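Listed here are the chains, written in short residue letters.
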Number of protein chains: 2
Amino acid sequence: MPKLWNETIETHRREVRHAILATTATLVAERGLLNVTMSQIAEQTGIGRATLYKYFADVEAILHVWHAEQIAHHLAYLTEVRGQAAGPAQRLKAVLEAFAAISHGSHGHFDTDLVALLHRDEQVGHAQQQIRHMIRDLLAEAAAAGEVRADVAPAELAAYCVHALAAAGTLPSKAAVRRLVLVTLAGLRPTT
Amino acid sequence: MPKLWNETIETHRREVRHAILATTATLVAERGLLNVTMSQIAEQTGIGRATLYKYFADVEAILHVWHAEQIAHHLAYLTEVRGQAAGPAQRLKAVLEAFAAISHGSHGHFDTDLVALLHRDEQVGHAQQQIRHMIRDLLAEAAAAGEVRADVAPAELAAYCVHALAAAGTLPSKAAVRRLVLVTLAGLRPTT
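Conventions adopted
- Residues numbered from 1 in each chain as written.
- Chains lettered and ligands numbered in written order.
- Predicted model: local features only at pLDDT ≥ 70, side-chain atom pairs only at ≥ 80, totals over all residues.
- Heavy atoms only, no water.
- 1 Å grid on protein atoms, 1.4 Å probe; cavity = no way out; pocket = protein on both sides within 12 Å on 5 of 7 lines; lining within 4 Å.
- Points joined across faces, edges and corners; volume = space filled by probe spheres on them.
- Helix = DSSP H or I, 4+ residues; strand = E, 2+ residues; numbered from the N terminus.
- Phe/Tyr/Trp six-rings, centres within 6.5 Å; stacked < 30°, edge-to-face > 60°.
- Buried < 20%, exposed > 50% of the residue type's maximum accessible area, 1.4 Å probe, protein only.
- Lys NZ or Arg CZ within 6 Å of the ring centre and 35° of its normal.
- UniProt positions renumbered as here; feature names shortened; annotations may be inferred.
- Least-squares fit on C-alpha atoms with pLDDT ≥ 70 in both.
- Contact = heavy atoms within 4.5 Å.
- Arc of directions from axis to C-beta.
- Nonpolar A, V, L, I, M, F, W, Y, C, P; charged D, E, K, R; others polar.
- Salt bridge = Lys/Arg side-chain N within 4 Å of Asp/Glu carboxyl O.

Draft legend 1. Representation of empty space enclosed by the protein within the structure. By the definition in use, this model includes two cavities of 30 Å³ or more. By volume, the largest cavity is sized at about 40 Å³. Around the largest cavity sit V152(A), E156(A), L157(A), Y160(A), L171(B), A176(B), R179(B), L180(B) and V183(B), which together line it. Of all the elements in the fold, those that place two or more residues in the lining of the largest cavity are helix 8 (154–166) of chain A together with helix 9 (174–188) of chain B. With four residues, helix 9 of chain B is the largest single contributor of residues to the lining of the largest cavity.

Draft legend 2. The arrangement of the packing of aromatic side chains in detail. A full pass over the atoms with the stated rule returns one aromatic pair over all chains. Considering the side-chain rings of Y160(A) and Y160(B), the 6.3 Å spacing of their centres and the 85° angle between planes classify their relative orientation as edge-to-face. Taken together, the residues Y160(A) in helix 8 and Y160(B) in helix 8 (residues 154–166) connect one chain to another. For Y160(A), a relative accessible area of 1% translates into the label buried. One residue, R13(A), lies across the ring of Y55(A), its end atom 4.7 Å from the ring centre.

Draft legend 3. Main features of the UniProt feature "DNA-binding region" (unreviewed entry) in chain A. Here the UniProt feature "DNA-binding region" (unreviewed entry) sits at residues 37–56 of chain A. End C-alpha to end C-alpha, residues 37–56 of chain A measures 12 Å, and it is 75% helix and 0% strand.

Draft legend 4. Quick peek at the relation of the copies chain A and chain B. Expressed as a screw transformation, the operator carrying chain A onto chain B has a rotation angle of 180° and an axial translation of 0.0 Å, and the superposed copies differ by an RMSD of 0.1 Å. Both copies of the chain, as the preceding transformation shows, are related through a two-fold rotation axis. A share of 100% of the interface residues of chain A reappears at the interface of chain B, consistent with the copies meeting face to face through the same patch.

Draft legend 5. Examining helix 2 (residues 38–45) of chain A more closely. Residues and elements named next belong to chain A. Of all the positions in helix 2, only M38, I41, A42 and T45 are classed as buried. Along the axis of helix 2, the buried residues cluster in a sector spanning 100°; they form a single face. Structurally, helix 2 contributes buried residues whose contacts are with helix 1 (3–31), helix 3 (49–55) and helix 4 (59–84).

Draft legend 6. Main features of the layout of surface pockets. As a volume, the second largest pocket reaches approximately 200 Å³. Residues of the lining of the second largest pocket, tallied by class, amount to four nonpolar, four polar and four charged.

Draft legend 7. Representation of the pattern of salt bridges within the structure. Taken as a whole and judged by the stated rule, the model has 12 salt bridges over all chains. With a shortest N-O distance of 3.3 Å, E69(A) and R17(A) are connected by a salt bridge. Taken as a pair, E69(A) in helix 4 and R17(A) in helix 1 lie far apart in primary sequence, 52 residues in all. With relative accessibility at 32%, the residue R17(A) sits in the partly exposed group. With its nearest N and O atoms 2.7 Å apart, the salt bridge here joins E156(B) to R179(A). A residue pair is termed interchain when its members come from two chains, as with E156(B) in helix 8 and R179(A) in helix 9 (residues 174–188). According to the relative accessible area criterion, R179(A) is partly exposed, its value standing at 29%.

Below, the structure written as structure tokens:
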């Protein structure tokens, strides 16, 4: 077979896979994890059930891949945001704002069954740890520059930041999320 | 039957019920929710299976009652702590410290299945809301006294506090929890 044909097949496979992931995420958000079947996913994606099973074994497998891609995407976004800011304090603020925006956007969509399922995923735990480590390192850098309190270890401050900013998922507006970031940053100020 | 006899029966029932709840909580913490059976609970409590079923229909029912009692107990404890401190700032600090201590003590015991199960419980949601309202009211009182920032609504600050202090569940020591409370309180200071 010519190379072009193989590439076309590969592109097609990627597109189908992407469509399955997106459809499943939407269906689960609408109906809850326990109410979504492989047949519904196939129908909504516009493919046959047999084709769907060539890509994924069950609904859980689809969701694990979808969630892993989400977290990887968040991590890439935070890394990009970090790279664009100049100076330790600005970098920290930009990354915490981005993290809060992610928390604000990704909560409330899913039911508790799904949260429990996804949190059992070790890969996800690893990616979340990378995000926490990024924040910890930014805190250490800002503390060394005298712009963040040095009386509490960066790892503890990172735990504080990640938990405090998770409140963004319960807040009704972007303005409220901005205030949350300001309050959280105020907790980090050097003690005088 | 004389009244005394009825009271003895009632006391005995309460004791058995309490023993069942305590045994189940311990077994679930040790083995995980999905690995605990009614037979094991009966055996460890030292009663027959038939007797156990007179008290509870299944493991989930036991855990719901156990968890509701825990939350009610936390709420009563926080109310007591609030009553003992003098002045808005002291009351707020005392209640946030107590809340952090509860978060520190009650996390890490349970697996994700159990957390998902319990969070589906509406009664628990109601009690958690009461705790959040208590913290919100303390924040409003302290803000009115000029001891907490007034540029962010007390309800938003309460969301911040509850989430930030939940980090206590991931911290290794009581000293780290104390530092977390100090950092969280620093976020609440009036802006100058």
